[in-house]
Amino acid sequence: MAQSRRLRASRWLAVAAWIVTATGCATDPAPRPPQVTAPSPKPAPGSCGTLSIAYDPANGYEASAFIIGRLASSELDCEVNYVKTTSRRAWRLVAEGEADVYLDAYGDTAATRALTVEGGPVTVLGPNGVPGGVDLLAPFFLQDGGVQTAGDLDQLPRRYYAGATPSISTVPPLLPLAEAFVESQRLDFNVRDFSVTHPGSGMADLLQAPKLYDASLTPGFFLVEGPRAFLGSGPGRYSIEIPDTPAGQCLPKAPATVCTFEDFDYMKIVSTRFARSNSPAYNLVYNYRLPAPQVSTILDLVELSGFQVGEADVVSWINTHPKVWKRWLN
């Protein structure tokens with residue numbers, strides 16, 4: 001056990017060295033090094049062996065992990081391991097080689113860029129096809145108080161809070177963005193870590209929170225991230241209009257930190273070692289990208305699973321869409 005901890009520590013020290021080397025000091029004016037160039041798929045790859053796929057079960061929408069895992073197992077004879085993690089720690093796992101791939105990466109920080117520079121431990125393979133975004137959601141009943149935009153938040157009707165301080169709840173990757181938003185709007189708001197106030201919960205629970213608060217007429221605001229189809233107004237909730245960016249105060253604390261309200265694409269990241277491994281699974285991951293019509297179909301499956309998607313939930317899609325996924329195997 002102690003040896004395992006030392007091995008993990010040494011791997012992370014090596015990863016940290018890449019970050020320091022690539023980013024330099026905060027005042028270093030040197031241009032950013034180029035990103036790793038992803039190797040093209042090889043026409044005659046070797047055998048697959050083991051494929052380790054990182055995914056965040058608390059997100060609830062990681063269908064990509066199970067689509068790739070199922071196809072790698074059934075079509076490429078891979079031994080597939082699923083590694084449970086968080087959206088922030090996934091970058092570290094891939095950089096350390098403890099996972100080969102993470103299929104729903106997001107965030108753009110100096111640490112992320114450092115991990116993906118030429119010669120770095122992480123290679124980015126491009127979007128998986130699912131567009132994502134960030135929204136500030138509120139229970140539907142708060143609309144009666146005239147709260148429609150970010151500019152209305154400093155004039156909340158007092159009857160909702162009875163002297164208490166309003167709050168925005170979110171998950172760790174979005175805490176810097178929430179704090180910067182509160183500062184830029186000059187709001188007297190608390191920012192709460194939803195994973196602390198609701199132990200064991202994650203983004204899937206945060207997405208459902210406004211509806212639950214609406215049912216109990218409890219005021220609250222929730223900064224959420226997810227596929228764009230899962231955001232916006234819906235049953236028991238509504239989306240508050242917010243600026244594209246809160247200001248320059250957002251200070252990234254980890255590779256998965258989001259520092260803008262602008263929409264983004266979920267990205268596929270792999271360990272550079274895996275990218276050079278000649279595995280047929282690399283070809284599969286490299287080519288994997290959901291066409292726009294299938295994104296909606298897959299996300300419908302995620303909702304039907306109650307945001308607890310697993311491998312069994314994607315089998316029906318795989319069975320009925322061979323023309324889509326067979327192109328990924330080449």
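Given the structure is predicted, the values throughout are model-derived calculations rather than measurements. (Residues numbered from 1 in each chain as written. Predicted model: local features only at pLDDT ≥ 70, side-chain atom pairs only at ≥ 80, totals over all residues. Heavy atoms only, no water.)

Draft legend 1. Just the pattern of salt bridges, in detail. Per the stated rule, a full pass over the model turns up five salt bridges. Glu96 is paired through a salt bridge with Arg92; the nearest N and O atoms lie 3.1 Å apart. Taken as a pair, Glu96 and Arg92 lie in helix H3 (residues 89–96) at a separation of four residues, close to a single helical turn. Residue Arg228 is joined to Asp263 by a salt bridge in which the shortest nitrogen-to-oxygen separation is 2.7 Å. Placement of Arg228 in the loop between strand E7 (221–227) and strand E8 (237–240) and of Asp263 in the loop between E8 and strand E9 (264–271) is noted, with a sequence separation of 35 residues between them. Classification of Arg228 as partly exposed rests on a relative accessible area of 27%. (Salt bridge = Lys/Arg side-chain N within 4 Å of Asp/Glu carboxyl O. Helix = DSSP H or I, 4+ residues; strand = E, 2+ residues; numbered from the N terminus. Buried < 20%, exposed > 50% of the residue type's maximum accessible area, 1.4 Å probe, protein only.)

Draft legend 2. Inspection of the pairing of strand E5 (residues 167–170) at higher detail. The alternating pattern of E5 places Ser167 and Ser169 on one face and Ile168 and Thr170 on the opposite face, and all of these are buried. Sheet analysis places E5 next to strand E6 (residues 190–193), joined by four bridges and oriented parallel. Bridged to Ser169 within E6 is Arg192. In this view, the connection linking E5 to its parallel neighbour E6 by way of helix H5 (residues 175–184) has right-handed handedness. Sheet topology note: the E5/E7 ladder contains two bridges and is parallel. Note on E7: the bridge partner recorded for Ser169 is Phe222. (Pairing = 2+ DSSP bridges. Right-handed = clockwise from strand over helix to strand, strands pointing away.)

Draft legend 3. The environment of Pro131, seen in detail. As for its placement among the helices and strands, Pro131 is situated in strand E4 (residues 122–139). Take Pro131: its relative accessible area is 39%, and that puts it in the partly exposed class. As for Pro131 and Ala292, which are separated by 161 residues in sequence, their C-alpha atoms are 9.4 Å apart. Leaving out residues up to four positions away in the same chain, Pro131 has contacts with Gly226, Pro227, Arg228, Phe264, Asp265, Tyr266 and Val295. (Contact = heavy atoms within 4.5 Å.)

Draft legend 4. Highlighting the nonpolar core. The biggest cluster of nonpolar side chains holds 83 residues, and the ones touching the most others in it are Phe221, Trp317 and Trp328. Take this core: its biggest share by element is eight residues, from helix H2 (residues 63–76). Not counting the four nearest positions on each side in its chain, Trp328 is found in contact with Ile67, Leu71, Asn283, Leu284, Asn287, Tyr288, Arg289, Leu290 and Trp317. Core analysis: the next-biggest nonpolar cluster, separate from the first, contains 13 residues, Ala54, Ala90, Ala95 and Ala99 among them. (Core = buried A, V, L, I, M, F, W, Y, C linked by side-chain atoms within 4.5 Å.)

Draft legend 5. Here's a closer look at the packing of aromatic side chains. Overall, the coordinates contain 16 aromatic pairs when judged by the stated rule. Look at Tyr213 and Phe222: their rings are 4.9 Å apart centre to centre, the planes differ by 85°, and that puts the pair in the edge-to-face class. The class of Phe222 is buried, set by a relative accessible area of 1%. Aromatic pair Phe264 and Tyr266: ring centres 5.2 Å apart, planes at 80°, arrangement edge-to-face. Classification of Phe264 by relative accessible area gives buried; the value is 17%. Residue classification places Tyr266 among the buried residues on the basis of a relative accessible area of 0%. Through a chain of ring-to-ring contacts, three or more aromatic side chains come together here, namely Tyr61, Tyr106, Phe264 and Tyr266. (Phe/Tyr/Trp six-rings, centres within 6.5 Å; stacked < 30°, edge-to-face > 60°.)

Draft legend 6. Spatial organisation of H2. In a regular helix each residue adds 1.5 Å, so 14 residues correspond to 20 Å; H2 covers 19 Å between its end C-alpha atoms and thus fits that length. Of all the 14 residues making up H2, 10 are buried; the element is thus mostly covered by neighbouring parts of the structure. Here H2 has its buried residues at Ala63, Ser64, Ala65, Phe66, Ile67, Ile68, Gly69, Leu71, Ala72 and Leu76. At the C-terminal side of H2, Asp77 shows a positive phi close to 60°. (Expected span 1.5 Å × (residues − 1).)

Draft legend 7. Up close: the state of the cysteines. On inspection of all chains with the given rule, the structure shows two disulfides. Across a sulfur-sulfur distance of 1.9 Å, Cys48 and Cys78 are joined as a disulfide pair. Judged by the torsion about the S-S bond (100°), the Cys48/Cys78 disulfide is right-handed. One end of the pair, Cys48, is in the loop between helix H1 (2–23) and strand E1 (50–55); the other, Cys78, is in the loop between H2 and strand E2 (79–84), and 30 residues separate them in sequence. The partner cysteine of Cys250 in its disulfide is Cys259, sulfur to sulfur 2.2 Å. (Disulfide = S-S within 2.5 Å.)

Draft legend 8. Just the side chain of Asp56, in detail. Within the secondary structure layout, Asp56 lies in the loop between E1 and H2. Although Asp56 lies buried, it forms no salt bridge, and the closest oppositely charged side chain, Arg88, sits 9.7 Å away as judged by the N-O distance. Within polar-contact distance, the side chain of Asp56 engages the backbone nitrogen of Ser87 at 3.2 Å. Those residues in contact with Asp56, other than ones at most four positions away along the chain, are Glu62, Thr85, Thr86, Ser87 and Tyr102. (Lys, Arg positive; Asp, Glu negative; His and termini not counted. Polar contact = N/O pair within 3.5 Å; in protein donor to acceptor, adjacent residues only side chain to side chain.)

Draft legend 9. Seen up close, the packing of H2 against helix H9 (residues 280–287). Packing of H2 against H9 leaves a shortest axis separation of 11 Å and a crossing angle of 140°. When the axes of H2 and H9 are compared, the pair comes out oblique. By crossing handedness, the relation of H2 to H9 is classed as right-handed. On the side of H2, the interface is formed by Ile68, Leu71, Ala72 and Leu76, while H9 contributes Pro280, Ala281, Leu284 and Val285. Grouping the amino acids of the contact of H2 with H9 by side-chain chemistry returns eight nonpolar, no polar and no charged. (Axes fitted to C-alpha atoms, helices over the stretch in contact; angles between N-to-C directions. Parallel < 35°, antiparallel > 145°, perpendicular 65-115°, else oblique. Left-handed = near helix turned anticlockwise from the far one by under 90°. Nonpolar A, V, L, I, M, F, W, Y, C, P; charged D, E, K, R; others polar.)

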